Amino acid sequence: MLRFNGPVEFSTDRWASESFIFMGQQVKKGDHVLVSLASADHDPTKFDNPSNLDITREKSPHLAFGKGIHYCLGAPLAKLEGEIALQVLLEEYPNLSLATDLSHLQWRESFIIRGLKNFPIKLY
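Residues numbered from 1 in each chain as written. Predicted model: local features only at pLDDT ≥ 70, side-chain atom pairs only at ≥ 80, totals over all residues. Heavy atoms only, no water.

1. Observations regarding the packing of aromatic side chains
Evaluation of the coordinates by the stated rule reveals one aromatic pair. A ring pair is formed by Phe 65 and Tyr 71, whose centres lie 6.4 Å apart and whose planes are at 65 degrees; its orientation type is edge-to-face. In this structure, Arg 3 is placed above the aromatic ring of Phe 47, and the distance from its NZ or CZ to the ring centre is 5.2 Å. For the cation-ring pair, Arg 114 lies above Trp 107, with the distance from its terminal atom to the ring centre recorded as 3.7 Å. (Phe/Tyr/Trp six-rings, centres within 6.5 Å; stacked < 30°, edge-to-face > 60°. Lys NZ or Arg CZ within 6 Å of the ring centre and 35° of its normal.)

2. Describing unusual backbone geometry
The phi dihedral of Met 23 is positive, around 50 degrees, even though this residue is not glycine. The residue Met 23 is located in the loop between strand 2 (20–22) and strand 3 (25–27) in this model. One non-glycine residue, Tyr 124, lies in positive phi territory at about 65 degrees. When you line up the elements, Tyr 124 lands in the segment after strand 6 (121–122). Classification of Tyr 124 by relative accessible area gives exposed; the value is 67%. (Helix = DSSP H or I, 4+ residues; strand = E, 2+ residues; numbered from the N terminus. Buried < 20%, exposed > 50% of the residue type's maximum accessible area, 1.4 Å probe, protein only.)

3. Examining the pattern of salt bridges
Considering all chains together, one arrives at one salt bridge under this definition. One salt bridge in this structure joins Glu 9 and Arg 114, with 3.8 Å as the shortest N-O distance. Taken as a pair, Glu 9 in the segment before strand 1 (14–15) and Arg 114 in the loop between strand 5 (97–98) and strand 6 lie far apart in primary sequence, 105 residues in all. On the basis of relative accessibility, which here comes to 25%, the residue Arg 114 falls in the partly exposed class. (Salt bridge = Lys/Arg side-chain N within 4 Å of Asp/Glu carboxyl O.)

4. Regarding the confidence of the model for the protein
Here the protein averages 91 in pLDDT, while 100% of its residues score no lower than 70. For the protein, helix 1 (residues 37–40) is the element with the lowest average pLDDT, namely 90, and strand 3 is the one with the highest, namely 96. (pLDDT = per-residue confidence, 0-100.)

5. Details of the environment of Pro 94
Within the secondary structure, Pro 94 sits in the loop between helix 2 (75–92) and strand 5. Separated by 30 residues in sequence, Pro 94 and Tyr 124 have C-alpha atoms that sit 8.6 Å apart.

6. Quick word on the side chain of Asp 41
For Asp 41, the location among the structural elements is in the loop between helix 1 and helix 2. No salt bridge is formed by the buried Asp 41. Its closest oppositely charged neighbour is Arg 3, at 6.7 Å. Within polar-contact distance, the side chain of Asp 41 engages the backbone nitrogen of Leu 63 at 2.8 Å. Not counting the four nearest positions on each side in its chain, Asp 41 is found in contact with Leu 2, Arg 3, Phe 47, His 62, Leu 63 and Ala 64. (Lys, Arg positive; Asp, Glu negative; His and termini not counted. Polar contact = N/O pair within 3.5 Å; in protein donor to acceptor, adjacent residues only side chain to side chain. Contact = heavy atoms within 4.5 Å.)

Put into structure tokens, the structure is as follows:
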């Protein structure tokens, strides 16, 4: 799910340390570069059917927590918290459902962190 719709859509600001050509476009040394993690996580050369949410996919090389020296230090804790929270929620409320139409969900307007303004659910 983190690959499909991660919490961070763009990397922090970067500037090209050297000139290069990327997908036919010239990038000059010093140019401001914005990396779309959301786009990278939907790259069809890396993911089969990237536009499909499939929670049974094998472990994927998504970028939701960054990569390399920029990998989130809190990622293991965030994964554990998410796993525990979802497990307990679904065990306690097996008939849980969305309390509105998907079309009524609103996303926060933020360039940094992605998230819904609210997520109304019926617990039953």
